[in-house]
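Here's the letter readout for the chains.
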Amino acid sequence: MTPVMLARLQAASDYVMAETSKKTPPRDIITGLVANHRAFYRRGDPNTLRVAGITATCTTSEDKGLLAYWQRNATVRIVTEASNG
């Protein structure tokens, strides 16, 4: 992952964590990711969220579960990049 993409991923992850701690509804967090972090979001089967090269899908939740899956995937990637870098 390039340094620019890693910075974008870290910024998006920080945003999700900050908004989650403020108890912002997941749907609003996703809207913020789309507006401010160049995210792609599609409701359907499966629901899809892609931000800074990290994709999550969920068939049962169009917001809360999807956001949690994305955050987990982003955290794993950030930790992996930090340990390799």
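Residues numbered from 1 in each chain as written. Predicted model: local features only at pLDDT ≥ 70, side-chain atom pairs only at ≥ 80, totals over all residues. Heavy atoms only, no water.

Chemist: Is there a simple way to think about helix α2 (residues 26-36) in this case?
Modeler: Think of an α-helix as 3.6 residues a turn; residues three or four steps apart then line up on the same face. Regarding α2, the residues found buried are I29, I30, G32 and L33. Buried residues of α2, seen end-on, are gathered within an arc of 155° and therefore sit on one face of the element. Buried residues along α2 sit against α1 (3-21), β1 (40-42), β2 (47-51) and α3 (64-84). Of the residues trailing α2, R38 is marked for its positive phi of about 55°. (Buried < 20%, exposed > 50% of the residue type's maximum accessible area, 1.4 Å probe, protein only. Helix = DSSP H or I, 4+ residues; strand = E, 2+ residues; numbered from the N terminus. Arc of directions from axis to C-beta. Contact = heavy atoms within 4.5 Å.)

Chemist: What am I meant to see in the pattern of salt bridges here?
Modeler: Side-chain pairing between opposite charges can occur once the charged atoms of the two side chains come close. In the structure shown here, the tally under the stated rule is five salt bridges. Two residues, E19 and K22, come together in a salt bridge whose shortest N-O distance is 2.9 Å. Among the residues examined, E19 registers a relative accessible area of 15% and is labelled buried. Note that R27 is salt-bridged to E62, the shortest N-O span being 2.8 Å. (Salt bridge = Lys/Arg side-chain N within 4 Å of Asp/Glu carboxyl O.)

Chemist: Is there a simple way to think about the sheet that holds β2 in this case?
Modeler: Through backbone hydrogen bonds, the strands of a sheet pair up, either in parallel or in antiparallel fashion. If you walk across this open sheet you meet the three strands as β1-β2-β3, and the pairing is antiparallel. Of all the strands in the sheet, just β1 and β3 (54-58) have a single pairing partner and so form its edges. Averaged over all neighbouring strand pairs, the angle between strand axes comes to 10°, with direction disregarded. Relative to β2, β1 runs antiparallel, the two being bridged by three bridges. (Pairing = 2+ DSSP bridges. Axes fitted to C-alpha atoms, helices over the stretch in contact; angles between N-to-C directions.)

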